[in-house]
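# Structural characterization, general
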Amino acid sequence: MLAACGEDSQEDVLQNLNDKWNDVKGYELDATMEIKTGAEPRVYDVNVWHTDPEFYRVKVTQQGEDVTQMIIRNDEGVFVVTPSLRKTYKFQSEWPKQNSQAYLIGALAEDLLADDKVVMEEDEKNYIFTAATRNNHKSIMPTQKIVVDKKTMLPTSVSVVNEAQEEQMVITFKNIDLGMQHKESEYAVENFSESNEEETASASAPVQSEFQTYYPELNWENTKLVDEKVVMENGTERAILTFEGDKSFTLVQQPVEYGESATLPVYAPGDPADLGFTIGAITEKSISWERDGVSFFIASNNLTQEEMVQVAASVTTGGLK
C-alpha cells in the first residue's frame, strides 16, 4: 500500500494525458521531424495550429531547402498548399481522422488510448510509452515510442521504428502552447496562397536537363517489372512502369506541371497523406505525390494503402536510371 501511494497507474497517466491534450480549445506547436528512411536523413521544421473543433494548419518545411507544404482544414474542407508549385489541392476528407501524424498531439493521445497493449515505463523525469502506430505507415513503421515530461505532462519526442526496431522517424517537440487559439479567418487558404504569390512568382522549377525515370527499390518476391515505356503526351514525357505478380501495380511519372496560380484549388481524390518526405493524396486504389520536380502516380487493384505507401517511400530513396 505504501509503495503504491503517490504513484499514478498507467491508466491514470493515460487519462490525464488525454484530458490535457484533447480538452483544450486549441494549441500551437513547433517541432522538428527527422526522416531516416532514405540514403541521407532529411530534417523538416513543423509548425501546427489547431483550434477546436476541426480547424488545423500544418506547415512543413525541409531544412536547407526552400520548399514548404501546408495541410489546412477549415470550414470549407481540407487543402494541401504547395506555394513553390503554385498549386492548391482540395480534398473531400475527414483528415486528420485518417492518416494522422505524430506531430498532432490529440492523435498521439488517441493512439495511446487505442492500444490495449501499450507499455509505460518511467525514469526520474519522463514517462516513456511504447504503442502501435495507426496511420498509413503502420505496416513499415508499426511502433512508436513517446516520451512525456512528468512536470509538464507534454510530449518531448516521438520515435517511430520499423519491425527491426530501427529508428525511421523522430519528432522532437520544441514548443507546445496549449490554449492558443487562432481565429477561424486565420485558417483561410487564401492567407497562405496569396501571401506567397511574390515568393512563388520568383520560384523556378528544378533544373532538369532531361527527364529521368525513378524506380522503386523493393525486394518483393513474385513481383517483377514486366514492362517499361516512355510516351509523349502534349510535348511532355511520361514514363509508365508495369509491375506484375502477387502485388501488381503501375507507376506513372512525368515532370511536374507548375500551376499558374496557387489560389485556384485543384480537386484531388481521397485523403491527404503525409508520406514523411512530402504530402500526397491517397485513395483505396491509388497514391500520388510530387517530389524533385517529378509527379508520381501509383495505381493498383491489389495493393493495400500501406503497401502503396511502402512503394512510394522506396521510390524516393532509390533508383534513378
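- In the nomenclature of an unreviewed UniProt entry, the protein chain is known as Outer membrane lipoprotein-sorting protein of Ureibacillus chungkukjangi.

## Concerning the sheet that holds strand 4 (residues 68–74)
- The mixed open sheet is built from 12 strands, whose spatial order is 7-8-9-10-11-1-2-3-4-5-6-15. Only two strands of the sheet have a single partner each, and these edge strands are strand 7 (119–122) and strand 15 (265–268). Averaged over neighbouring strand pairs, the angle between their axes works out to 20° when direction is ignored.
- Alignment of strand 6 (residues 87–91) against strand 15, held across 4 bridges, turns out to be parallel. Looking across to strand 15, one finds that phenylalanine 91 is bridged to alanine 268.
- Against the sheet, helix 1 (residues 10–22) makes contact with strand 7, strand 8 (126–132), strand 9 (143–149), strand 10 (155–161) and strand 11 (167–178), and its axis sits at roughly 90° relative to strand 8, the strand it touches most.

## A closer look at the pattern of salt bridges
- For the structure shown, the criterion picks out 10 salt bridges.
- Residue arginine 73 pairs with glutamate 54 through a salt bridge whose shortest N-O separation is 3.8 Å. Within this pair, whereas arginine 73 is found in strand 4, its partner glutamate 54 is found in the loop between strand 2 (42–51) and strand 3 (55–62), the two being separated by 19 residues in sequence.
- Since its relative accessible area comes to 11%, arginine 73 is described here as buried.
- Take glutamate 54: its relative accessible area is 29%, and that puts it in the partly exposed class.
- Here arginine 134 ties to glutamate 110 by a salt bridge, and the two come within 3.9 Å at their closest N and O atoms. Residue arginine 134 is found in the loop between strand 8 and strand 9, and its partner glutamate 110 is found in helix 2 (residues 105–114); the two are separated by 24 residues along the sequence.
- Looking at arginine 134, the relative accessible area reads 44%, which means it is partly exposed.
- Within this structure, Glu110, Asp111 and Arg134 form a network of salt bridges that share partners.

## Quick word on the packing of aromatic side chains
- Evaluation of the coordinates by the stated rule reveals 9 aromatic pairs.
- With centroids separated by 6.5 Å and ring planes inclined at 40°, the aromatic side chains of tyrosine 127 and phenylalanine 129 adopt a geometry described as tilted. Phenylalanine 129 shares its class with tyrosine 127; the two are buried.
- Ring centres of tryptophan 289 and phenylalanine 296 lie 5.0 Å apart, and the angle between their planes is 15°; on these two criteria the pair is classed as stacked. Just as tryptophan 289 is buried, phenylalanine 296 falls in that class too.
- Grouped by ring-pair contacts, the aromatic residues Trp49, Phe55, Tyr187 and Phe192 constitute a single cluster.

## Some remarks on the sheet that holds strand 16 (residues 271–274)
- Taking strand neighbours across the sheet as the criterion, the 7 strands line up as 12-13-14-19-18-17-16 in an open arrangement whose pairing is antiparallel. Of all the strands in the sheet, just strand 12 (223–233) and strand 16 have a single pairing partner and so form its edges. Neighbour-to-neighbour, the strand axes of the sheet open up by a mean angle of 20°, direction not taken into account.
- Where strand 18 (residues 286–291) lies against strand 19 (residues 294–299), 6 bridges are found, and the strand directions are antiparallel. Bridge pairing in strand 19 links arginine 291 to valine 294.

## Some points on unusual backbone geometry
- Cis rather than trans, the peptide bond between aspartate 52 and proline 53 has omega equal to 5°.
- The omega torsion of the bond from tryptophan 95 to proline 96 falls at 10°, within 30 degrees of zero and hence cis.
- Here the phi dihedral of glutamine 165 falls at roughly 65°; this positive angle occurs in a residue that is not glycine.
- Position of glutamine 165 relative to the elements: it lies in the loop between strand 10 and strand 11.
- Its relative accessible area of 46% is what places glutamine 165 among the partly exposed residues.

## Looking at the side chain of glutamate 290
- Relative to the helices and strands, glutamate 290 is located in strand 18.
- Look at glutamate 290 and you get buried, because its relative accessible area is 17%.
- Of the polar contacts made by the side chain of glutamate 290, one reaches the side chain of tyrosine 89; its length is 3.0 Å.
- Excluding its chain neighbours within four sequence positions, the residues that come into contact with glutamate 290 are Leu85, Lys87, Tyr89, Val256, Thr278 and Ser295.

What counts, and at which threshold
Residues numbered from 1 in each chain as written. Predicted model: local features only at pLDDT ≥ 70, side-chain atom pairs only at ≥ 80, totals over all residues. Heavy atoms only, no water. Pairing = 2+ DSSP bridges. Helix = DSSP H or I, 4+ residues; strand = E, 2+ residues; numbered from the N terminus. Axes fitted to C-alpha atoms, helices over the stretch in contact; angles between N-to-C directions. Contact = heavy atoms within 4.5 Å. Salt bridge = Lys/Arg side-chain N within 4 Å of Asp/Glu carboxyl O. Buried < 20%, exposed > 50% of the residue type's maximum accessible area, 1.4 Å probe, protein only. Phe/Tyr/Trp six-rings, centres within 6.5 Å; stacked < 30°, edge-to-face > 60°. Polar contact = N/O pair within 3.5 Å; in protein donor to acceptor, adjacent residues only side chain to side chain.

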